[in-house]
Amino acid sequence: MSILPRRFERIKNVLNCRMKNLTVLVEAVNKPHNLSAILRTCDAAGVFEANFICERDEVKTFNSTAQGSQKWIKLNNHESIISAVSELKKRGFKLYGTTLSESSSDFKNFDYSENTCFVLGAEKWGLSDELISKVDESIFIPMTGMVQSLNVSVAASILLFEAIRQRQSKGLLPVNGEGLSPNEYRKTLFEWSYPELASIYRNSGTKYPKLNKFGEIDEVINN
Ligand code: SAM
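Notes on the structure in this doc start here. Along each chain, the written sequence defines residue order, and numbers are assigned to residues from 1. For a predicted model such as this one, the threshold for reporting local features is a pLDDT of at least 70, and the threshold for listing and counting side-chain atom pairs is 80 or more; totals across whole chains, interfaces and linings nevertheless cover every residue. Excluding hydrogens and water, the side-chain figures rest on all heavy atoms present in the structure.

**What to know about the state of the cysteines**
Right, so step 1: We call a pair of cysteine sulfur atoms a disulfide whenever their separation is within 2.5 Å. Considering all chains together, one arrives at 0 disulfides under this definition.
Right, so step 2: With no disulfide of its own, cysteine 42 lies 9.9 Å from the sulfur of cysteine 117, the closest cysteine sulfur.
Right, so step 3: Residue exposure (1.4 Å probe, protein chains only): buried if accessible area is under 20% of the type maximum, exposed if over 50%, otherwise partly exposed. With relative accessibility at 0%, the residue cysteine 42 sits in the buried group.

Following this line, the structure appears as structure tokens:
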């Protein structure tokens with residue numbers, strides 16, 4: 001059965017604006033509503049994938065706050081700080097750790113238009129010293145209230161949308177799929193359009209078929 005044309009158009013419009021060069025790395029945030037809210041913001045901002053450090057291989061549970069956004073964001077689970085940092089750095093990301101220490105700088109002092117990863121810490125303790133020692137810059141969002149910190153998902157929203165604001169002002173936001181490689185775009189378009197079928201193809205080790213411009217599966221053309 002084919003996808004409805006209206007649904008296919010909606011999926012393409014969202015995918016056209018997704019960016020691979022803006023992401024978050026979340027360390028030890030374990031309240032489902034916070035994880036859900038972070039992912040929902042990632043979806044709204046056009047983030048393609050979000051990174052988590054799950055040292056004990058925990059399965060992340062997302063609640064209704066996510067509004068299903070976990071289906072539209074690729075989740076990368078890293079087993080350690082070292083593997084997360086080395087993979088993201090290898091991919092050219094600059095890591096901005098969020099800390100409230102005195103050596104941290106106002107987040108508005110940086111340019112987030114290139115490969116940017118915001119590193120977010122746990123509800124109670126913030127980022128671990130190990131992770132702080134590995135980030136490229138430490139940043140904070142200035143506050144003037146009585147309470148010491150923001151909720152982690154609120155901090156994620158402020159930072160991601162500052163990156164969006166900067167990119168928009170430079171005309172760097174993707175509008176036609178430029179934020180992804182052609183292969184990633186095609187693969188994701190199939191997975192979002194036909195999630196169950198995509199899992200069957202994956203399990204059998206077969207490449208996804210091509211879709212025609214209406215979103216119908218084109219069985220004649222081979223990959
Ligand atoms: N006592 C913790 C500390 O000193 O970091 C507070 C943790 S805070 C509730 C949880 C996370 O939210 C932080 O690790 C950081 O990622 C983010 N956060 C909260 N307030 C922030 C701010 N003003 N600037 C930047 N990040 C903030």
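From this point, things continue past the structure.
**Quick word on the packing of helix H6 (residues 182–193) against helix H7 (residues 195–203)**
For any two helices packed against each other, the geometry is given by the interaxial angle and the distance between the axes.
Right, so step 1: To get an axis, a line is fitted to the C-alpha atoms, and for a helix only the part in contact is used. The angle between two axes follows their N-to-C directions and goes from 0 to 180 degrees. The helix count covers DSSP runs of H or I at least four residues long, the strand count covers runs of E at least two residues long, and both are numbered beginning at the N terminus. Running from amino to carboxyl end, H6 crosses H7 at an angle of 120 degrees, the nearest separation of the two axes being 5 Å. When the axes of H6 and H7 are compared, the pair comes out oblique. Where H6 approaches H7, its residues Phe190, Glu191, Trp192 and Ser193 are matched on the opposing element by Pro195, Leu197, Ala198, Tyr201 and Arg202.
Right, so step 2: Note on residue categories: nonpolar means Ala, Val, Leu, Ile, Met, Phe, Trp, Tyr, Cys or Pro, charged means Asp, Glu, Lys or Arg, and polar means any other residue, Gly included. Looking at side-chain class alone, the contact of H6 with H7 contains 6 nonpolar, 1 polar and 2 charged residues. Should an angle fall under 35 degrees it is taken as roughly parallel, and over 145 as roughly antiparallel, whereas 65 to 115 is taken as roughly perpendicular and any remaining angle as oblique. By definition in these notes, contact holds between two residues if any of their heavy atoms fall within 4.5 Å.

**So, the environment of serine 193**
Right, so step 1: Turning to its location among the elements, serine 193 is positioned in helix H6.
Right, so step 2: Sequence separation of serine 193 and glycine 215 is 22 residues, and the distance between their C-alpha atoms is 7.7 Å.
Right, so step 3: Apart from residues no more than four positions distant in its own chain, serine 193 is found in contact with Ile3, Phe8, Ile11 and Leu211.
Right, so step 4: Only 2.6 Å separates the side chain of serine 193 from the backbone oxygen of leucine 189, close enough to count as a polar contact. Counted as a polar contact is a pair of N or O atoms within 3.5 Å, where, for protein atoms, one must be capable of donating a hydrogen and the other of accepting one, and residues adjacent in sequence contribute only when both atoms are in side chains.

**Here we look at helix H3 (residues 81–90)**
Right, so step 1: For H3, the full list of buried residues reads Ile81, Ala84, Val85 and Leu88. Buried positions in H3, seen along its axis, are confined to an arc of 90 degrees and lie on one side of it. Within H3, the exposed residues directed more than 90 degrees away from the buried face are Ile82 and Lys90.
Right, so step 2: Of the surrounding secondary structure, the elements contacted by the buried residues of H3 are strand S1 (22–27), strand S2 (49–53), strand S3 (74–78), strand S4 (94–98), strand S6 (116–120) and helix H4 (129–132).
Right, so step 3: Among the residues trailing H3, glycine 92 stands out with phi positive, at a value near 90 degrees. Of all possible arcs, the one meant is that of the directions from the helix axis to the C-beta atoms.

**Section: the packing of helix H1 (residues 5–16) against H6**
Right, so step 1: Direction vectors running N to C along H1 and H6 enclose 140 degrees, while the axes themselves pass 10 Å from each other. By the angle between their axes, H1 is oblique relative to H6. Along this stretch, H1 crosses H6, giving a crossing that reads as right-handed. Two secondary-structure elements touch here, H1 through Phe8, Ile11, Lys12, Val14, Leu15 and Asn16 and H6 through Tyr185, Thr188, Leu189, Trp192 and Ser193.
Right, so step 2: Each residue belonging to the contact of H1 with H6 can be placed in one class, and the counts come to 7 nonpolar, 3 polar and 1 charged. Here is the rule for handedness: rotate from the far helix to the near one, and if that takes an anticlockwise turn smaller than a right angle the crossing is left-handed, while a clockwise turn gives right-handed.

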